Amino acid sequence: MGEAATQEKPGWRKVLAALRHRKTGYMLLFGFAAGLPYALLLGTLYAWLSDAEVDLETMGVFSLIGLSYAFKFLWSPALDRVDIPGLKLLGKRKQWMVTAQLLLGAILVILSMLDPVSQLGWFSLLAGIGAFASATQDVVIDAWRVDVADETATIDILSTVYQMGYRIAALVGGALALFLAERTSWPTVYLIMGAILLFVGFLGLFAPDTNAKDLKDAQDAKGEDPYGLREAGQVNPRTRMIALIGVGALWGWALITVGVFMVRSLANDPDARPDSVAFISTMGPLVVVATVVIPALIAAWIVQQEKRGTNLLNAPKPAASSLERAGDHLYRALVLPLVEFVGRMGWSLVLILALVLTYRITDAVWGTFAYPFYLGELNYSKDEVAIASKFFGVGAVVFGLALGGYLLTVLGRMMTLTLGALLAALTNLLYADLAIGGFRMAAVSDFIGFTWAVEQFGGDQRLAKLMVTIGAENLAVGIAGAAFVAWLSSIVARGYSAVQYALLSSLTMLVGTLGRGALGKMIEDQSYYDVFILTTLIGFVAVVLCLIEWVRVARLGKDSGMDEVALKNA
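Residues numbered from 1 in each chain as written. Predicted model: local features only at pLDDT ≥ 70, side-chain atom pairs only at ≥ 80, totals over all residues. Heavy atoms only, no water.

Caption draft 1: View of the side chain of R413. Note that R413 resides in helix α19 (residues 413-435). For R413, the side chain forms a polar contact with the side chain of D156, separated by 3.0 Å. (Helix = DSSP H or I, 4+ residues; strand = E, 2+ residues; numbered from the N terminus. Polar contact = N/O pair within 3.5 Å; in protein donor to acceptor, adjacent residues only side chain to side chain.)

Caption draft 2: Broad picture of the confidence of the model for the protein chain. Looking at the protein chain, pLDDT values average 81 and 83% of them are 70 or higher. A low-confidence stretch, residues 1-9 (pLDDT under 50), is modelled with 10 contacts involving residues beyond four sequence positions or located in other chains. Segment residues 212-223: pLDDT under 50, and 8 contacts once partners within four positions in sequence are set aside and those in other chains are kept. (pLDDT = per-residue confidence, 0-100. Contact = heavy atoms within 4.5 Å.)

Caption draft 3: Expanded view of the packing of helix α9 (residues 155-183) against helix α22 (residues 461-491). Two elements in contact, α9 and α22, have axes separated by 8 Å at closest approach and are oriented at 130°. By the angle between their directions, the pair α9 and α22 is classed as oblique. In this structure, the crossing between α9 and α22 has a hand that is right-handed. Along its contact with α9, which presents I155, D156, S159, T160, Q163 and R167, the element α22 presents V477, G481, A482, V485, A486 and S489. Grouping the constituent residues of the contact of α9 with α22 by class yields 5 nonpolar, 5 polar and 2 charged. (Axes fitted to C-alpha atoms, helices over the stretch in contact; angles between N-to-C directions. Parallel < 35°, antiparallel > 145°, perpendicular 65-115°, else oblique. Left-handed = near helix turned anticlockwise from the far one by under 90°. Nonpolar A, V, L, I, M, F, W, Y, C, P; charged D, E, K, R; others polar.)

Caption draft 4: Expanded view of the packing of helix α15 (residues 348-359) against α22. Relative orientation of the contacting elements α15 and α22 amounts to 155°, with a least axis distance of 12 Å. Taken together, the axes of α15 and α22 lie roughly antiparallel to each other. Seen from above, α15 lies across α22 with left-handed handedness. Of the residues in α22, those in contact with I352, L355, V356 and Y359 of α15 are A480, F484, W487, L488 and I491.

Caption draft 5: Seen up close, empty space enclosed by the protein. Tallied over the entire structure, the rule returns 2 cavities of 30 Å³ or more. Here the largest cavity is characterised by a volume of approximately 140 Å³. Residue lining of the largest cavity: T291, V292, A296, L338, F341, V342, L349, L353, V499, Q500, L503 and L504, and that is the complete set. For the lining of the largest cavity, the secondary-structure elements that each account for two or more residues are α13 (276-308), α14 (322-345), α15 and α23 (497-525). Broken down by element, the residue count for the lining of the largest cavity peaks at 4 residues, all from α23. Taken together, the residues that form the lining of the largest cavity break down as 10 nonpolar, 2 polar and no charged. Quantified by volume, the second largest cavity comes out at close to 50 Å³. Together, T358, Y359, T362, A421, A424, A425, G539 and A542 line the second largest cavity. Elements that contribute at least two residues to the lining of the second largest cavity include exactly α15, α19 and α24 (528-559). Ranked by the residues each element gives to the lining of the second largest cavity, the list is headed by α19, at 3 residues. (1 Å grid on protein atoms, 1.4 Å probe; cavity = no way out; pocket = protein on both sides within 12 Å on 5 of 7 lines; lining within 4 Å. Points joined across faces, edges and corners; volume = space filled by probe spheres on them.)

Caption draft 6: Structural context of helix α18 (residues 382-410). End to end, α18 covers 40 Å across 29 residues, agreeing with the expected 42 Å (1.5 Å per residue, within 8%). Where α18 terminates, the next one or two residues include G412, which has phi positive at roughly 100°. (Expected span 1.5 Å × (residues − 1).)

Caption draft 7: Structural view of α15. Compared with the 16 Å implied by 1.5 Å per residue over 12 residues, the 16 Å span of α15 between its first and last C-alpha is a close match. Within the sequence span of α15, burial applies to S348, L349, L351, I352, L355, V356, T358 and Y359. (Buried < 20%, exposed > 50% of the residue type's maximum accessible area, 1.4 Å probe, protein only.)

Caption draft 8: Geometry of unusual backbone geometry. Of note, N311 is a non-glycine position whose phi angle comes to about 55°, a positive value. With respect to the secondary-structure elements, N311 resides in the loop between α13 and α14. Phi at N379 takes a positive value of approximately 60°, unusual for a residue other than glycine.

Caption draft 9: Focus on a nonpolar patch on the surface. Nonpolar side chains collect at one region of the surface, where L422, L426, L429, L537 and F540 lie side by side and expose about 390 Å² of accessible area between them. When contributions to the nonpolar patch are tallied by element, the ones reaching two or more residues are α19 and α24. Among the elements that take part in the nonpolar patch, α19 stands out by supplying 3 residues, more than any other. Among the structural elements, L537 can be located in helix α24. (Patch = residues over 30% accessible without salt bridge, like charges linked within 9 Å, V, L, I, M, F, W, Y side chains within 5 Å. Areas by Shrake-Rupley, 256 points an atom, 1.4 Å probe, with all protein chains shown as cover. Salt bridge = Lys/Arg side-chain N within 4 Å of Asp/Glu carboxyl O.)

Caption draft 10: Structural view of the nonpolar core. Grouped together as the largest cluster of nonpolar side chains are 129 residues, with contacts concentrated most on Y331, Y359, L417, W487 and I491. No other element matches the 15 residues that helix α3 (residues 22-51) contributes to this core. Excluding anything up to four places from it in sequence, L417 contacts L355, Y359, A483, F484, W487 and C546. Counting 24 residues, the second-largest nonpolar core is a separate cluster that includes A370, A388, F450 and V531. (Core = buried A, V, L, I, M, F, W, Y, C linked by side-chain atoms within 4.5 Å.)

Caption draft 11: Region of the structure containing the pattern of salt bridges. Across all of its chains, the model carries 10 salt bridges by this definition. The salt bridge partner of R145 is D142, with a shortest N-O separation of 3.1 Å. With R145 and D142 both in helix α8 (residues 120-148) and 3 residues apart, this pair spans about one turn of that helix. According to the relative accessible area criterion, R145 is buried, its value standing at 0%. Among the ionic pairs, R230 bridges to E324, the shortest N-O distance being 3.6 Å. Taken together, the residues span a long stretch of sequence, with R230 in the loop between α11 (212-221) and α12 (237-267) and E324 in helix α14 at a distance of 94 residues. A network of salt bridges, in which partner residues are shared, links R230, R240, E324 and D328.

Caption draft 12: Structural detail: the packing of aromatic side chains. Under the counting rule described, the total for this entry stands at 19 aromatic pairs. Taking 6.3 Å as the distance between ring centres and 45° as the angle between the ring planes, the aromatic pair formed by Y38 and Y166 counts as tilted. In this pair, Y38 sits in helix α3 while Y166 sits in helix α9, placing the two residues 128 residues apart along the sequence. For Y38, a relative accessible area of 29% gives the class partly exposed. Between F202 and F206, the aromatic rings sit 5.5 Å apart at their centres with planes inclined by 80°, giving edge-to-face as the arrangement. On the basis of relative accessible area, F202 is assigned to the partly exposed category, the value being 44%. A network of ring pairs unites the aromatic residues F373, Y374, Y431, Y528 and F532 as a single cluster. Over the ring of Y331 we find R240, and its NZ or CZ is 5.3 Å from the ring centre. (Phe/Tyr/Trp six-rings, centres within 6.5 Å; stacked < 30°, edge-to-face > 60°. Lys NZ or Arg CZ within 6 Å of the ring centre and 35° of its normal.)

See the structure below:
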């Protein structure tokens, strides 16, 4: 073991040093800012609409604003390259984060002044804009986390702290909001939440960031070719333009398709609205092919041109017009992030995409059916589910995230990622036991003394076994979530992080959305028990892929001469 390894701090000291870092504090704040609007616009809002006696079909249409999160990668290139006039000096990422947070705060305040029945049109419009702003904020926060990470505030710690802030916000925007609404009113709740986000936006002004002025000065120093695209040895402009037109047309089609669908759904009468289930099941896969698969093939074609030495510039060729310079900017924003990723990963990209698609699919698919399972199948009361899921469950997730962050520093990223996948898969078996009576979970609860503890607060064994099950699953979800976000953040490149991370994280959500219809049919045709066995098997696929990725990372480390400490942190 080399000198660097002997000087390595113990895991707990590294964690403490990171927690005291200014960037870590802001990461917690930004995680909270990301989670709060998601909880309020895609969860708690429906409780308000229910109290206002808005019909279920209209509420179903409101849920379509969640597509902003699934397709947020479509406008991520603009967030990587475009500056907001008058605000770019705040920083490359911060200009967008602060703007989104202030906009979201203002939207929540305005929503508190509207009647969701008599002013439904304005209400839905603002909710849609809020979801778009929230998804935009998510893209930029993910990019900020990658860009500002350093040896103290590591990407692993920042990823863990981000999720802790996100989960705390889910509790504030969910359980606490319901608690306040019961004692005050929904307008008061949204006014308070809007004020909180406005305050977060104010605090965000003082966060560290990549300085946009320094970035602009660096580009100006390079003259007419700030990205080096027109130097000798680079792909010639004609070939680049072909790639740009192809990728731009595909992403443009996807953006227009999703945008038109959302406008038609939110603006029309119920009879004229398109079928959302049919759209997601048919157009969803086409959007993935158009925005991920084909652009990846185009990027691979560009990489092959570079490797073979074909269609390259023999000498520098400066841009001759503003149109050519604009083309360079668009290529840098839209195509180059894909070319960089494909070129760096090569055939490993197939493994990475497979792991992205399977690692969190059990959580993404199963989450929709959690309440029907608790309330309908197991006949728990709403209060019991709130105690077990919203309070105890969220606490277990936060503890799991903290434990996952510690394991990342002690065991390393890949071991924690694999352990998280294994635990997440196995906890599905706990739910399978509940589906057939929960006798084993009851025995576990009795053995560890948890049933006795619950009984002291007025509960019973039936509630205790549900809490143990949810607690174990959420603990595993916390560990897996910390490791997964850290791994995703580690494989994207600084400078391209907004596009690359947004694309990968969107795939995780999109696949879960596409799989819910099939899972719902399986529940109706067979049973919850069969579904939990299936999700366990899917989870084991992710475990196998984690092991293969672990081998790939280890080989990559040896080939590049990484020392043992670097390999451990990989």
